Amino acid sequence: MVGLDLSPLAVVLVMFGALLVGVLLGYPLFIALGAVALLVGLATLGIPVFKILHLRVLGQLYNYTFLAVPLFVFMGIMVEKSGAAEKLYDGIQMTFGGVRGGLAIGTILMGTVLAACVGVVAASVTTMALIAAPTMLKRGYQKELTAGCICAGGTLGILIPPSIMLVIYGPMAQISVGKLFMAAFMPGFLLSGLYIAYIIVLSILRPSVAPVPSAEDRDIPLGTKLTALAKGLVPPLFIILAVLGTIFFGVATPTEAAAVGCVASTLLAVIYRKFTWGML
């Protein structure tokens, strides 16, 4: 079977148009993507497209590095279910809640710490939406600022290691995933710092978006704040050290470190008495 002789531009236009139609008709994105790719490939390449598909699927299944993806997903969900995020936000809220814009700054910091624990954007955004949003809105923070902090802080997980995006990109670009992890730290922390700087400036220029903290929040003793912050930070740091520490010190590959992170996050759920067989 001989395929149609189409120019690359025509193929792109046909695929993009068909994908847009599929999405607008309500089909799930993975179905629309797969169907368009298969049908256009069959029309342009003919029967050999099935051989290419077979080789591509086998190539992904035999890629050892990609095994880290489901492991990091499991680790992220386990951290979310363990209750560590709630304790982290409680400590951050108590520490920064007495400063104008402190809850917004704390949400970004929480997103930064969670990004280094889970590597999955959905887990970070969902967790912060459930924990941070009600508190910020109750304290009178602007809805736009609240949503922006959660979305911006949550998406840091796609950049700050262990990032699933980097795990997928590394083998495709033939670059070491460990080196990508080491290189991504500075951009991730820089972006987090810029978010915080923006919140501080916005709170000064437009005080209405971040109301003045109550006297009760401002009068919390420093020792109490530091104790709460330490209790909230220690469990995530345990996860970070278990995953990134083993990579950077050369003890484990990213895939092996992902397995270590799974064990560490499960132990965290056991310690917090959140572990159940149903949850597993």
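Residues numbered from 1 in each chain as written. Predicted model: local features only at pLDDT ≥ 70, side-chain atom pairs only at ≥ 80, totals over all residues. Heavy atoms only, no water.

**Student:** Residue-level account of the overall build of the protein, with values.
**Tutor:** A tally of helices and strands in the protein yields 13 helices and zero strands. Moving toward the C terminus, one meets the helices and strands of the protein in the order α-α-α-α-α-α-α-α-α-α-α-α-α. The principal-axis extent of the C-alpha atoms belonging to the protein is close to 80 × 45 × 35 Å. Counting all 280 residues of the protein, 41% fall into the buried class. Carbon and sulfur atoms make up 74% of the accessible area of the protein, which amounts to about 15200 Å² in all. (Helix = DSSP H or I, 4+ residues; strand = E, 2+ residues; numbered from the N terminus. Buried < 20%, exposed > 50% of the residue type's maximum accessible area, 1.4 Å probe, protein only. Areas by Shrake-Rupley, 256 points an atom, 1.4 Å probe, with all protein chains shown as cover.)

**Student:** Summarise the side chain of Ser 82; cite the residues concerned and give the values.
**Tutor:** Mapped onto the elements, Ser 82 comes out in helix α4 (residues 68-82). A distance of 2.8 Å separates a polar atom in the side chain of Ser 82 from the backbone oxygen of Val 79. (Polar contact = N/O pair within 3.5 Å; in protein donor to acceptor, adjacent residues only side chain to side chain.)

**Student:** For the packing of aromatic side chains, give the residues involved together with the corresponding values.
**Tutor:** The tally for this structure, following the rule as stated, stands at three aromatic pairs. With 5.5 Å between their ring centres and 35° between their planes, Phe 185 and Phe 189 make a pair best called tilted. Taken together, the residues Phe 185 and Phe 189, both in helix α10 (residues 177-205) and four residues apart, mark about one turn of the helix. In this structure Phe 189 comes out as partly exposed when scored by relative accessible area, which is 42%. On the basis of an interplanar angle of 75° and a centroid distance of 5.5 Å, the ring pair of Phe 275 and Trp 277 is categorised as edge-to-face. Under the relative-accessibility criterion, Trp 277 is labelled exposed at 70%. (Phe/Tyr/Trp six-rings, centres within 6.5 Å; stacked < 30°, edge-to-face > 60°.)

**Student:** A description of the side chain of Thr 127 should follow, citing residues and the corresponding values.
**Tutor:** Following the sequence through the fold, Thr 127 ends up in helix α7 (residues 121-138). Looking at Thr 127, the relative accessible area reads 6%, which means it is buried. Here Thr 127 is in contact with Glu 80, Ala 85, Met 110 and Leu 114, once residues within four sequence places are set aside. (Contact = heavy atoms within 4.5 Å.)

**Student:** Please provide a residue-by-residue account of α7, values included.
**Tutor:** The first and last C-alpha atoms of α7 sit 25 Å apart over 18 residues, in line with the 26 Å expected at 1.5 Å per residue. At Ala 129, α7 shows its maximal bend, which comes to roughly 35°. Within α7, burial applies to Ala 123, Ser 124, Thr 127, Met 128, Ile 131, Ala 132, Ala 133, Thr 135 and Met 136. Lining the buried residues of α7 we find α4, α5 (84-96), α6 (102-118) and α8 (143-154). Once α7 finishes, Gly 140 follows within two positions and takes phi at roughly 95°, a positive value. (Expected span 1.5 Å × (residues − 1). Bend = angle between axes of the 7 residues up to and from the residue.)

**Student:** Give a description of the environment of Thr 155 that names residues and reports values.
**Tutor:** Tracing the backbone shows Thr 155 in the loop between α8 and α9 (164-173). Distance in space between the C-alpha atoms of Thr 155 and Val 99 is 24 Å, their sequence separation being 56 residues. Those residues in contact with Thr 155 that lie beyond four places of it in its chain are Val 121 and Val 125. Here the side chain of Thr 155 touches Cys 151 through a polar contact of 2.9 Å, landing on its backbone oxygen.

**Student:** Hey, could you go over the packing of helix α12 (residues 222-248) against helix α13 (residues 254-271) for me, with residue numbers and the actual values?
**Tutor:** At a minimum axis separation of 8 Å, α12 and α13 run at an interaxial angle of 160°. As the angle between them shows, α12 and α13 are arranged roughly antiparallel. Once α12 is placed against α13, the crossing between them reads as right-handed. Where α12 abuts α13, its residues Pro 235, Phe 238, Ile 239, Ala 242, Val 243, Thr 246 and Ile 247 lie against Pro 254, Ala 257, Val 260, Gly 261, Ala 264, Ser 265 and Leu 268. (Axes fitted to C-alpha atoms, helices over the stretch in contact; angles between N-to-C directions. Parallel < 35°, antiparallel > 145°, perpendicular 65-115°, else oblique. Left-handed = near helix turned anticlockwise from the far one by under 90°.)

**Student:** Which residues make up the packing of α4 against α9, and what are the values?
**Tutor:** Between α4 and α9, the shortest axis-to-axis distance is 10 Å and the interhelical angle comes to 175°. Between α4 and α9, the angle falls in the class roughly antiparallel. Within the contact between the two elements, α4 uses Ala 68, Val 69, Phe 72 and Val 73 and α9 uses Ile 164, Val 167 and Ile 168. Tallied by class, the residues present in the contact of α4 with α9 amount to seven nonpolar, no polar and no charged. (Nonpolar A, V, L, I, M, F, W, Y, C, P; charged D, E, K, R; others polar.)

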